[in-house]
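# Commentary on secondary and tertiary structure
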Amino acid sequence: MIRTEEFQVNMGPQHPSTHGVFRAMLSMDGEEVEKIDSMIGYLHRGIEKICESRSYTQIIPLTDRLDYLSAMSNNLAYCMAVEKLMGVTVPERAALIRMIIAELQRIASHLVFVGCFGLDTGAVTVFLYTFRERETVLDLFEELCGARLIYNYMRIGGVAHDLPEGFEKKTLGYLDILEKKIDEYNNLLTENYIFKIRTQGVGPLTRQQALDFALSGPIARASGVNYDVRKNDPYLLYDKIDFKAVVYEEGDCFHRYTARIAEMQESVKIIRQCLAMLKPGEIKAAVPRVIKPAAGEAYAHIETPRGDLGVYLVSDGGAAPYRLKFRAPSFVNLSAFSTIAKGHKIADLVVILGSIDPVFGEVDR
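Described below are features of the structure shown in this document. Just so we're clear, the structure is a prediction, and the values are computed from it rather than from any experiment.

This part covers the pairing of strand β8 (residues 323-327). The side chains of a regular strand alternate, residue by residue, between the two faces of the sheet. Judged by which residues are buried, β8 turns out to be one-sided: Leu324 and Phe326 face inward and are buried, whereas Arg323, Lys325 and Arg327, on the alternate face, are not. Relative to β8, strand β7 (residues 307-315) is paired through 5 bridges, and the arrangement is antiparallel. When the bridges of β8 are listed, Gly310 appears paired with Arg327.

Take a look at the structure:
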């Protein structure tokens, strides 16, 4: 009889496969993981308390630093919460522009996921390809607002600038290219035998577990949870757009990956429809220069690339929020890591964590 002894191994916080400053204390039995203690806080910046000492407008650029791979989405969720607090209705053109930008941001974020997930499983080429396609989205954003990572583009009541000349044509051209490139990713990665062996059946998560952990986004939908904020609680003009929420039943790493591939294809459909609906009009509602909402509270949430991002605001009638709270999907989704990774080997942990796709700016907000 072979006698084994449990020992502990650190994974992170400074390790490329942890996708950020995340530390996992692994209790091992040989190569098998018995227990994981997730340790966060290495990136903590106290952004919620900082926001409570800033004006409502000054907070917008701070939201860029939460999920820094989806900064436009952070801008949007916060602005929607303030608009709800003030009772402001966004003009139709501004709403459509917001949707176009949010879906482009979803594509850019998922491209980072696909490339990095490829690296996690040993596939280098697809990483180079997805970052090539992401660069075009960043070029479009640079034309739009002059920035490539943190944007400060959304405004309370609308957006900062109208679409630059030629933006619509360039976006349509990009979508045509992207659809062909997604087929290329599928040939390189999705149908790759080694990739399938590394991901299929790895890190299974049941529908009930996803519900118990209150997970959202692709990780929940890959486990059969048919919940997408754009469908279940429509905002902007999503209720007028034809698209589907991508839902699978298997709940493993492979389907968390394919869910994001399919979501990029759905985003392409959404953007095409929004561009077709665009008409000349106002890009911002009339709001006072100094915003002082009446005392009260509001909650707004949207579907970001990582899931359900919520913003809770409390106003006491002053020029700064009395209380601001972010419901960050990366933080919630990460809570399931210990459960779904138990019993796997360390090499599988890299794949499982990558399939969750956390961004630690919003975990350690």
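So that's the structure; there's more coming.
What follows concerns the sheet that holds strand β2 (residues 23-29). Strand pairing in a sheet relies on backbone hydrogen bonds. The paired strands run either parallel or antiparallel. Here 3 strands make up an open sheet; going across it, the order is β1-β2-β3 and the pairing antiparallel. Each edge of the open sheet carries a strand with a single partner, namely β1 (7-11) and β3 (32-39). Strand-to-strand twist of the sheet, defined as the mean angle between neighbouring strand axes without regard to direction, takes the value 25°. Judged from the 5 bridges that link them, β1 and β2 form a sheet pairing that is antiparallel. By the bridge assignment for β2, Val9 is matched with Leu26.

One open sheet holds the 3 strands; their spatial order is β6-β7-β8, and the pairing between them is antiparallel. Among the strands making up the open sheet, the edge pair consists of β6 (296-304) and β8. Geometrically, the sheet is characterised by an average inter-axis angle of 10° between neighbouring strands, direction not taken into account.

Time to look at the pattern of salt bridges. What the rule picks out here adds up to 26 salt bridges. Measuring nitrogen to oxygen at the nearest pair gives 3.8 Å for the salt bridge that ties Glu48 to Arg323. Of this pair, Glu48 sits in helix α1 (residues 47-51) while Arg323 sits in strand β8, and the two are 275 residues apart along the sequence. By relative accessible area, which is 10% here, Glu48 ends up buried. Of the charged contacts in the structure, one is a salt bridge between Glu143 and Lys170, with a shortest N-O distance of 2.7 Å.

It is worth spelling out the packing of helix α11 (residues 253-277) against helix α14 (residues 346-356) at this point. Look at α11 against α14: their axes get within 9 Å of each other, and the N-to-C directions meet at 35°. Judged by the sense of rotation from one axis to the other, the crossing of α11 with α14 is left-handed. The segment α11 lies against α14, with Cys253, Arg256 and Arg260 engaging Val351, Ile352, Ser355 and Ile356.

Quick look at the packing of aromatic side chains now. Within the structure shown, the criterion is met by 12 aromatic pairs. Between Phe22 and Phe360, the aromatic rings sit 5.5 Å apart at their centres with planes inclined by 25°, giving stacked as the arrangement. With Phe22 in the loop between β1 and β2 and Phe360 in helix α15 (residues 360-363), the pair connects residues that are 338 residues apart, well separated along the chain. For Phe22, a relative accessible area of 1% gives the class buried. The ring of Phe243 has Lys231 sitting right over it, with the charged end atom 4.4 Å from the ring centre. When the ring centre of Phe113 is taken as reference, the NZ or CZ atom of Arg260 above it lies at 4.1 Å.

The next point concerns the environment of Ala294. Tracing the sequence through the fold places Ala294 in the loop between α11 and β6. Judged by relative accessible area, which is 59%, Ala294 ranks as exposed. Sequence separation between Ala294 and Val314 is 20 residues; the distance between their C-alpha atoms is 9.8 Å. Excluding residues within four positions of it along the chain, Ala294 makes contact with Ser315 and Gly317.

Further remarks concern helix α6 (residues 167-190). Looking at α6, one finds that the buried residues are Phe167, Thr171, Tyr174, Leu175, Leu178, Ile182, Tyr185, Asn186, Leu189 and Thr190. Elements that come into contact with the buried residues of α6 comprise α4 (92-120), α5 (125-145), α7 (193-199) and α11.

The next point concerns the pairing of β7. For β7, the tally of buried residues reaches 8 of 9 residues, placing the bulk of the element in the interior. Bridge count between β6 and β7: 9 bridges; the pairing is antiparallel. Each residue of the ladder has a partner; that of Ala300, found in β7, is Val311. Remark: 2 residues form the turn of the hairpin made by β6 and β7, two consecutive strands paired antiparallel.

Conventions we followed
Residues numbered from 1 in each chain as written. Predicted model: local features only at pLDDT ≥ 70, side-chain atom pairs only at ≥ 80, totals over all residues. Heavy atoms only, no water. Buried < 20%, exposed > 50% of the residue type's maximum accessible area, 1.4 Å probe, protein only. Helix = DSSP H or I, 4+ residues; strand = E, 2+ residues; numbered from the N terminus. Pairing = 2+ DSSP bridges. Axes fitted to C-alpha atoms, helices over the stretch in contact; angles between N-to-C directions. Salt bridge = Lys/Arg side-chain N within 4 Å of Asp/Glu carboxyl O. Left-handed = near helix turned anticlockwise from the far one by under 90°. Contact = heavy atoms within 4.5 Å. Phe/Tyr/Trp six-rings, centres within 6.5 Å; stacked < 30°, edge-to-face > 60°. Lys NZ or Arg CZ within 6 Å of the ring centre and 35° of its normal.

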